[in-house]
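A look at the structure
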Amino acid sequence: MHLNKFDVDVFLQDYWQKRPLLIRNPWDAWRNPLDPDELAGLACEDEVESRLIMHAQKTWKVEPGPLPEERFDRLGKAPWTLLVQAVDQAVPDVAALVAPFRFVPNWRIDDVMVSYASDGGGVGPHFDQYDVFLIQGLGRRRWQVGGSGDAACNADTELLPHDDLRLIAKFEPVEEWMLEPGDILYVPPRVAHNGVAVGDDCMTYSIGFRAPARSELIAHFCDHLLAEITDDDRYADPGLRAQENPGEITAEVLAELQGMITTKLADRVAFARWFGTYNTTPKYPDVDWAPQEPVETETMRRLLAGLTTLRRNPASRFSFVRTVSGAVSLFVDGACFECTQETVAFAEQLCRQDRFLVDPTLVRSVPAITLITQLFNRGSFDFDHAD
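None of these values were measured; they are calculated from a predicted model. (Residues numbered from 1 in each chain as written. Predicted model: local features only at pLDDT ≥ 70, side-chain atom pairs only at ≥ 80, totals over all residues. Heavy atoms only, no water.)

Re the overall build of the protein
If you tally the helices and strands in the protein, you get 10 helices and 15 strands. With the C-alpha coordinates of the protein rotated into their principal frame, the extents come out at 80 × 70 × 45 Å. The 387 residues of the protein split such that 43% are buried. Accessible surface for the protein amounts to roughly 21,300 Å². Of this, 50% is attributable to carbon and sulfur atoms. Side chains of the protein give 37 positive and 60 negative charges; the mean places of these two sets differ by 4 Å. (Helix = DSSP H or I, 4+ residues; strand = E, 2+ residues; numbered from the N terminus. Buried < 20%, exposed > 50% of the residue type's maximum accessible area, 1.4 Å probe, protein only. Areas by Shrake-Rupley, 256 points an atom, 1.4 Å probe, with all protein chains shown as cover. Lys, Arg positive; Asp, Glu negative; His and termini not counted. Charge placed at Lys NZ, Arg CZ, Asp CG, Glu CD.)

This is the structure in structure tokens:
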């Protein structure tokens, strides 16, 4: 599916991280990619993250998955919502929903959460710390949004007491829309919103984006640095001179001590390598495509002799960083692969496309066929058996 009536440049300039936008069915031909029964089946699986949210008499109750199959036979009449995370990693047609939004870099894309709700179902007024596209798949949902810009939510926004939900205590909507199948609502970070199903069979696809907090980056990068620093790396002052007052910590000493920290933190090459591996580490590593027996490079060369299409594992994350030398550091599922010469273009292709044909010239390249074999054996991609 493709977006026909959608101007990416206008959207990025006027709406992205600024204000909500309702996009009325911009698809060339909308088709709901997932049956509700399939979604319920995913919620019953151990490796899938899911939640059932019930709302009755002003009380919100959350039941974490996996859910027993019989639970769906006794839901009762109270409004309820089923939420299933990372459905794109299990259902190729849901993963295809992400493609039209690839104008946002790969490293920012998180996953596709799918919700199914009965009449009146929802998760309550809340706000997220990231951007989200809410695609109406089946049925109808009424969305209300609060203020943006200076009127957006923040750390001081009052929340209702609840262990599992971040519900806004005083939600004041400023706009309201009824979404039909194929409609899309974009909501920027920290903009309050509340969606309520109108009628049964209400299914919504939420494409969420990653927005690392400063505290998260500092904490994890420092943990990484600490693991590499030995106890021998210590302060030293071989040029020490006697000072008038031994109680003073001089400005020169403070600068030296702070430099011991900032020099490490300011290493851009080290940070880029760490962030690439950190950001591409799979959120849900259970979707394992690794072959039972590793494939040798010569076997892979023979397998790719024909026009064979490869497809990426939807649970895998691919990104790359260009180096000053013109090479590329390819990051896949938390591992780094240094690419030069003919493997640079291939690394870029890997990050650009979910499915791709391998150029015959690459099959004859030792570095390229080695990289392909390594990624295949890690389960990062497989042959596209739909060919």
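Having put the structure on the table, let's press on.
Considering helix 6 (residues 268-280)
For helix 6, built from 13 residues, the straight-helix expectation of 18 Å at 1.5 Å per residue is met to within 8% by its first-to-last C-alpha distance of 18 Å. Looking at helix 6, one finds that the buried residues are W274, F275, G276, N279 and T280. Buried residues in helix 6 make contact with helix 4 (214-228), strand 11 (318-322) and strand 12 (328-332). (Expected span 1.5 Å × (residues − 1). Contact = heavy atoms within 4.5 Å.)

Section: the environment of Q17
One can find Q17 in the loop between helix 1 (8-14) and strand 1 (21-23). Considering only alpha carbons, one finds Q17 and V187, 170 residues apart in sequence, at a separation of 8.1 Å. With sequence-adjacent residues up to four places away left out, Q17 is seen in contact with R108, D131, Y186, P188 and P189. A distance of 3.0 Å separates polar atoms of two side chains, one belonging to Q17 and the other to D131. (Polar contact = N/O pair within 3.5 Å; in protein donor to acceptor, adjacent residues only side chain to side chain.)

Considerations on the pattern of salt bridges
Evaluation of the coordinates by the stated rule reveals 15 salt bridges. Note that R24 is salt-bridged to D183, the shortest N-O span being 2.6 Å. Here D183 lies in the loop between strand 7 (175-179) and strand 8 (184-187) and R24 lies in the loop between strand 1 and helix 2 (36-43), a separation of 159 residues in the sequence. A relative accessible area of 42% places R24 in the partly exposed class. (Salt bridge = Lys/Arg side-chain N within 4 Å of Asp/Glu carboxyl O.)

Topic: the pairing of strand 2 (residues 50-56)
Two strands pair when backbone bridges link them, and strand 2 and strand 4 (residues 80-84) are joined in this way by five bridges, in the antiparallel orientation. Along strand 4, the bridge assignment pairs I53 with T81. As judged from the six bridges shared by strand 2 and strand 3 (residues 59-64), these two strands associate in the antiparallel manner. When the bridges of strand 3 are listed, H55 appears paired with W60. The loop that links strand 2 with its antiparallel partner strand 3 comprises two residues; one of these, Q57, has a positive phi angle of about 55°. (Pairing = 2+ DSSP bridges.)

As for the sheet that holds strand 10 (residues 309-312)
A sheet is described by the order of its strands in space; here three strands give the open sequence 14-10-15, paired in antiparallel fashion. Since the sheet does not close on itself, it has two edges, and those belong to strand 14 (355-357) and strand 15 (381-383), each with one partner. Pairwise comparison of adjacent strand axes, ignoring direction, gives a mean angle of 30° for this sheet. Pairing geometry for strand 10 and strand 15, over three bridges, is antiparallel. Counted as the bridge partner of R312 is F381 from strand 15. Contacts between helix 8 (residues 342-352) and the sheet are confined to strand 10, strand 14 and strand 15, with strand 14 contributing the most and set at about 150° to the helix. Together, strand 10 and strand 15 form the strand contacts of helix 10 (residues 366-378), whose direction differs from that of strand 15 by roughly 100°. (Axes fitted to C-alpha atoms, helices over the stretch in contact; angles between N-to-C directions.)

Considering a nonpolar patch on the surface
A cluster of nonpolar side chains, contributed by Y235, I249, L254, L257, M260, I261 and L265, occupies part of the molecular surface with about 620 Å² of accessible area. Relative to the helices and strands, L265 is located in helix 5 (residues 251-265). (Patch = residues over 30% accessible without salt bridge, like charges linked within 9 Å, V, L, I, M, F, W, Y side chains within 5 Å.)

Concerning the sheet that holds strand 11
Ordered in space as 11-12-13, the three strands form an open sheet in which the pairing is antiparallel. Each edge of the sheet is formed by a strand with only one pairing partner; in this case those strands are strand 11 and strand 13 (335-339). Each adjacent strand pair in this sheet contributes to an overall mean axis angle of 25°, direction not counted. Judged from the five bridges that link them, strand 12 and strand 13 form a sheet pairing that is antiparallel. Bridge pairing in strand 13 links V328 to C339. Sheet contacts for helix 6: strand 11, strand 12 and strand 13; angle to strand 12, the most-contacted strand, approximately 25°. Helix 10 contacts strand 12 and strand 13 of the sheet and is inclined by roughly 165° relative to strand 13.

What to know about a negative patch on the surface
There is a patch of like negative charges on the surface, built from E45, D46, E47, D286 and D288. Of note, E47 is situated in the loop between helix 2 and strand 2.

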